[in-house]
Amino acid sequence: MAANPALELDRICRRYGPVVAVDNVSLAVSQGEFLTLLGPSGSGKTSTLRLVGGFEKLDRGQVRVDGVRVDHLPPYQRDTATIFQSGALFPHKSVAENIAYGLRMRAMSRADIGERLRQVLDVVRLAGYEDRYPSQLSGGQKQRVALARSLAVRPAILLFDEPLSALDLSLRLQLRGEIKRLHDELGFSAIYVTHDQGEAMAMSDRVAVMNKGRVEQVDSPEAIYYQPASEFIYTFIGESCCLPVRIEATAVRDETGAAVALELGHGPGEGAWRLYVRPAQFKVGTAASQCENRLKARVAFIEFLGNVYRYHLTAGSIELFCDHLGKAGLKVGDEALVGWNKPDMTVFA
Amino acid sequence: MTSPALVEAARVEAATSRIRLMERLAPWALMAPALMIALLIFGLPTLYMARMSFNEYEYPLHYVPGFTFEHYGRLLSDPHFFAAILRTIRLSLMAAACTLVIGYCFALLAWLQPARWRLMFLALAACPLLISEISIIFGWWMFFPRNGLLSYALVSSGLVTDKISLMYTEFAAFVGLVYLTLPFCFFILLSVFDGIDRRLIDASSDLGAKPLSTFREVLLPLTMPGLAVAFSQSFIWAMGTYATPSALGPDTLWTMGFLIQEQMLSRRNWPMATAFAMVLVIAVATVMVFTRSVMAKRTSFHA
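Residues numbered from 1 in each chain as written. Chains lettered and ligands numbered in written order. Predicted model: local features only at pLDDT ≥ 70, side-chain atom pairs only at ≥ 80, totals over all residues.

Participant: What should I look at first to understand the sheet that holds strand E5 (residues 68-69) of chain A in this one?
Facilitator: Pairing between the strands of a sheet comes from backbone hydrogen bonds, and it takes one of two forms, parallel or antiparallel. Residue and element names in this part refer to chain A. Pairing is antiparallel in the open sheet, where four strands are placed in the order E2-E1-E4-E5. For this open sheet the edge positions go to strand E2 (19-29) and E5, each flanked by a neighbour on one side alone. Here strand E1 (residues 7-16) pairs with strand E4 (residues 60-65) via five bridges, running antiparallel. For Leu 7, the partnering residue across the bridge sits in E4 and is Val 65. Strand contacts of helix H1 (residues 45-53): E1, E2 and E4, with the helix running at about 65° to E2, the strand carrying the most contacts. (Pairing = 2+ DSSP bridges. Helix = DSSP H or I, 4+ residues; strand = E, 2+ residues; numbered from the N terminus. Contact = placed C-beta atoms within 7 Å. Axes fitted to C-alpha atoms, helices over the stretch in contact; angles between N-to-C directions.)

Participant: Before we go on, may I ask you to explain the interface of chain B and chain A in this structure?
Facilitator: Opposite the 18 residues of chain B that make contact, chain A presents 21 residues. Contributions of two or more residues to the side of chain B that touches chain A are made by helix H8 (199-206) and helix H9 (211-240) of chain B. Here the element with the most residues in the side of chain B that touches chain A is H8 of chain B; it accounts for six residues. Here the residues of the side of chain B that touches chain A sort into nine nonpolar, four polar and five charged. (Nonpolar A, V, L, I, M, F, W, Y, C, P; charged D, E, K, R; others polar.)

Participant: Would you mind showing me how to read helix H1 (residues 3-52) of chain B here?
Facilitator: The α-helix winds at 3.6 residues per turn, so residues separated by three or four positions along the chain end up facing the same way. In the structure, H1 of chain B departs most strongly from a straight axis at Ala 32 of chain B, where the bend amounts to approximately 50° and where the proline Pro 33 of chain B lies between one and four residues downstream. Counting buried positions along H1 of chain B yields one of 50 residues, so the element is predominantly exposed. (Bend = angle between axes of the 7 residues up to and from the residue. Buried ≥ 20, exposed ≤ 12 C-beta atoms within 10 Å, placed from the backbone.)

Participant: When you look at the sheet that holds strand E12 (residues 252-253) of chain A in this model, what are you seeing that I'm missing?
Facilitator: Spatially, four strands are ordered E12-E11-E14-E20 (chain A) in an open sheet, and the strand pairing comes out antiparallel. Strands with a single pairing partner mark the edges of an open sheet, and in this sheet they are E12 and strand E20 (345-348) of chain A.

Participant: Looking at this structure, I do not really get the pairing of strand E7 (residues 157-161) of chain A. What am I missing?
Facilitator: Successive residues of a regular strand alternate their side chains across the two faces of the sheet. All names here are of chain A. The buried fraction of E7 amounts to five of the five residues, a majority that puts the element mostly inside the structure. Of the two faces of E7, both are covered, the one formed by Ile 157, Leu 159 and Asp 161 as well as the one formed by Leu 158 and Phe 160. The pairing of strand E6 (residues 80-83) with E7 spans four bridges and is classified as parallel. Its bridge partner being in E7, Thr 80 is matched across the sheet by Ile 157. In terms of strand pairing, E7 meets strand E8 (residues 190-194) through four bridges, oriented parallel. In the sheet register, Phe 160 faces E8, and the bridge partner there is Tyr 192. In this view, the connection linking E7 to its parallel neighbour E8 by way of helix H5 (residues 169-186) has right-handed handedness. (Right-handed = clockwise from strand over helix to strand, strands pointing away.)

Nothing here speaks to function; it is all geometry.
See the structure below:
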């Protein structure tokens, strides 16, 4: 018999006054899967998580944990455990007391609690910190205690509510690696809410991209990146340049109606289109003349980003930027040929 | 070693020590105005009062300059006075305890509300502060007597068969005191609740704690320091209040406030009145110092 999914969301809805925060969201997280809810702020990802945790009431739909309906239950009767953005550690309790809290609430014996405490402290590498208070811990340590506290109760599914967003970059990268390692070791099921696409890409088995309360695409990180289901996802994931053009029989025009020197070897037919290209896919200079699609543009300004030079160019009202390894020998004000091939271009009407 | 270099070094040395001195003095200079006001308006009268309490008393005069512990002795030996002190402390303790419970529930409710309801709670709590104590007493005079609001409410709800008067009872004085101290208690406790991360409630519930456990394990310990402060504030306020217990309580309810007034204005025994007042001041100061020290220990985990 196939095991039930760790979590199923069946057409769940939640409104706040006139705002539909979560709009008909259906998702399933299979056992041991790490699924990320990715979206801009206000896209409903945290609301969705809070509905799963039971901190908010559903308007419609069902939530099932391990095949059992829980949407009518309060948080303390659900087999879920949340890692909050702030950590939400009890400031008046020591690390050990924080971690033991959920176990005490489950009336576990003192000996078992001690055993479980040692296990999870080892797992998050905080052995020896039992008697510290949260105020004596760094931000990263606090989040590891929060993680340990949730892991200790062995929930059917872990709910991560942007746990790293309050930390600085290097710590964020380190902890995200650590969470990934723990997931590989322990095989827990998890929903991870973030607005950081790097986190989503690096950690997840699958990514669900949310926008305006809806799930726009659920797929592997690669598929989300290379086969985005919508213009929103294309623009949200990674950097991209948008070239809004009107293609006519005799000319290509920008939004103001002025003709631009764009030659499309392979492109859409007549009509108004938005052409998207990632900045790294553009070719500049001699390499551009080999490309199927070419645009004459003028260099507006140049940024040095460390790994690449970023050339900002304009052609009529069209603005674009392309990343070039090393200097392309262009100065501000120069006219440059920018080229790209058809597979690197995505077109939306 | 050339002498210009030495001169320069000495100059720098002098300038640095001048700056250090100014840095040491700056806090005091900044505090000076407030310190002056506190000393002039509170310090001097208290000192004067302390001195007065040691003066001697002869019948037609208010006081006779001298030095005696007689009045303090009388406070402790005269059962009539000693009982008043105990009665005041007991009434104030009861009122403070009751205020604390009501204020705590009220503040918890206000804290749990979404923002738009919260304002209503705040306005409601601020209302009694906008009315003078005397007006509030007049209000109670319409509430407690036989033909008052309370009596009508009790009769019409069928709880009692005949009209009753609670006017001039110790209960009325108690209710009056609670009403008076409640707003202060509420605002102190609300500010304490506001210092708590609401996510802690979610986290507690998330980890399997029922609401009552969450209250016992998380909310209560975190609000403990605030409870101590709110209690001492209510107690101090109740101790020092004169008008409300005198106007609502029975004639036999001789609180310290009442006795001070009586000694000062009716008996014209200023040393006795000030000795009483000194006991009150010292009691209040003790409570404040005590809560401060409790606070310092309880809040150490926030540091």
